[in-house]
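# Report on the structure
Each chain is listed here by its residues.
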Amino acid sequence: MTVNLEVAEGVGTLRLDRPPMNALDVATQDRLKELAEEAGRRDDVRAVVIYGGEKVFAAGADIKEMQAMDHTAMVLRARALQESFTAVARIPKPVVAAVTGYALGGGCELALCADFRIAADNAKLGQPEILLGLIPGAGGTQRLARLVGPSKAKDLIFTGRMVKAEEARELGLVDRVVAADQVYAEAHAWAAKLAQGPAIALRAAKESIDAGLETDIETGLTIERNWFAGLFATEDRERGMRSFVEEGPGKAKFL
């Protein structure tokens with residue numbers, strides 16, 4: 001399989017496994033969608049890490065496969081391409097990307113689907129589609145602009161240039177830079193910590209932020225209000241408040 005889901009300590013690792021560069025061909029895209037949806041459903045998965053291995057995250061689409069596709073073929077495929085990445089973005093649990101080596105084109109777009117990105121100090125990220133006479137097609141023009149702002153996104157997309165890890169951090173494209181041999185451990189630790197948190201409240205926070213960014217402030221406040229009030233019906237809310245009153249802050253244990 002080109003993508004695997006491995007679960008340990010409440011953390012599901014979506015592991016890309018298509019050596020040597022984890023090129024995201026159609027089969028990999030479809031498998032990614034399937035496993036992202038599975039991770040979203042499974043009760044034993046409370047947080048997710050996206051990982052491509054020690055050497056490379058994902059160097060982009062399978063260009064040879066794409067070269068053979070004409071306009072009609074891509075019209076039929078483009079929606080499925082986007083939906084495979086959107087499935088990752090919509091996992092209703094915390095998601096962190098552990099970025100090693102190259103994260104280019106579709107690889108960068110996949111990292112953008114995470115809630116948090118930890119990169120190796122030797123990582124290189126970018127959207128080089130313009131160099132092929134194309135634009136990003138798996139969400140890059142939308143998610144990158146929302147993450148780093150339109151001007152910085154246009155710089156990266158218009159030029160197709162790669163950025164090293166430190167510049168990516170300065171741009172806001174990644175959140176943390178660590179030694180290459182520590183990337184997965186750091187990502188797993190971040191996910192494992194959140195896996196111990198209140199699952200429904202974490203889902204509410206993620207959906208409120210993500211949905212709110214797509215709409216006006218009043219609608220966003222309505223989304224937040226509805227989730228906030230709804231959480232008062234959960235056992236986690238009862239457990240968290242009871243622990244706070246009886247033991248002090250930060251000591252609640254959630255199931």
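Residues numbered from 1 in each chain as written. Predicted model: local features only at pLDDT ≥ 70, side-chain atom pairs only at ≥ 80, totals over all residues. Heavy atoms only, no water.

## Observations regarding the pattern of salt bridges
Under the defined criterion, the tally for this structure stands at 15 salt bridges. A salt bridge links Arg146 to Glu214, with the nearest nitrogen and oxygen atoms 3.1 Å apart. Placement of Arg146 in helix H5 (residues 140–148) and of Glu214 in the loop between helix H9 (199–213) and helix H10 (217–230) is noted, with a sequence separation of 68 residues between them. Overall, Arg146 belongs to the partly exposed group, its relative accessible area being 48%. Each of the salt bridges in this network shares a partner with another, and the network as a whole consists of Arg18, Asp25 and Asp62. (Salt bridge = Lys/Arg side-chain N within 4 Å of Asp/Glu carboxyl O. Helix = DSSP H or I, 4+ residues; strand = E, 2+ residues; numbered from the N terminus. Buried < 20%, exposed > 50% of the residue type's maximum accessible area, 1.4 Å probe, protein only.)

## Brief notes about helix H8 (residues 183–195)
With 13 residues, H8 should cover 18 Å at 1.5 Å per step; its first-to-last C-alpha distance of 18 Å lies within 8% of that length. Taken as a whole, H8 has its buried residues at Val183, Ala187, His188, Ala191, Ala192 and Ala195. Viewed end-on, H8 has its buried residues packed into an arc of 150 degrees, placing them on one side of the element. Along its buried surface, H8 packs onto strand E1 (3–8), strand E2 (11–16), strand E3 (47–51), strand E4 (95–99), strand E6 (116–120) and strand E9 (176–178). (Expected span 1.5 Å × (residues − 1). Arc of directions from axis to C-beta. Contact = heavy atoms within 4.5 Å.)

## Some points on the layout of surface pockets
Reported here for the largest pocket is a volume of approximately 990 Å³. If you trace the largest pocket, you find 34 residues lining it, with Ala89, Leu112, Arg143, Asp210 and Glu214 closest to the centre. Listing elements by their share of the lining of the largest pocket, those giving two or more residues are helix H3 (71–89), H5, H8 and H9. Looking at the lining of the largest pocket, the element that brings in the most residues is H9, giving 8 residues. Partitioned by chemical class, the residues of the lining of the largest pocket number 17 nonpolar, 7 polar and 10 charged. The computed volume of the second largest pocket comes to approximately 510 Å³. (1 Å grid on protein atoms, 1.4 Å probe; cavity = no way out; pocket = protein on both sides within 12 Å on 5 of 7 lines; lining within 4 Å. Points joined across faces, edges and corners; volume = space filled by probe spheres on them. Nonpolar A, V, L, I, M, F, W, Y, C, P; charged D, E, K, R; others polar.)

## A word on the packing of aromatic side chains
All chains considered together, the criterion is met by 3 aromatic pairs. Taken together, a centroid distance of 4.7 Å and an interplanar angle of 35 degrees make the contact between Tyr51 and Tyr184 tilted. One end of the pair, Tyr51, is in strand E3; the other, Tyr184, is in helix H8, with 133 residues separating them in the sequence. Owing to a relative accessible area of 12%, Tyr51 belongs among the buried residues under this scheme. Residue class for Tyr184 comes out partly exposed when judged on its relative accessible area of 27%. (Phe/Tyr/Trp six-rings, centres within 6.5 Å; stacked < 30°, edge-to-face > 60°.)

By themselves these figures say nothing about function.
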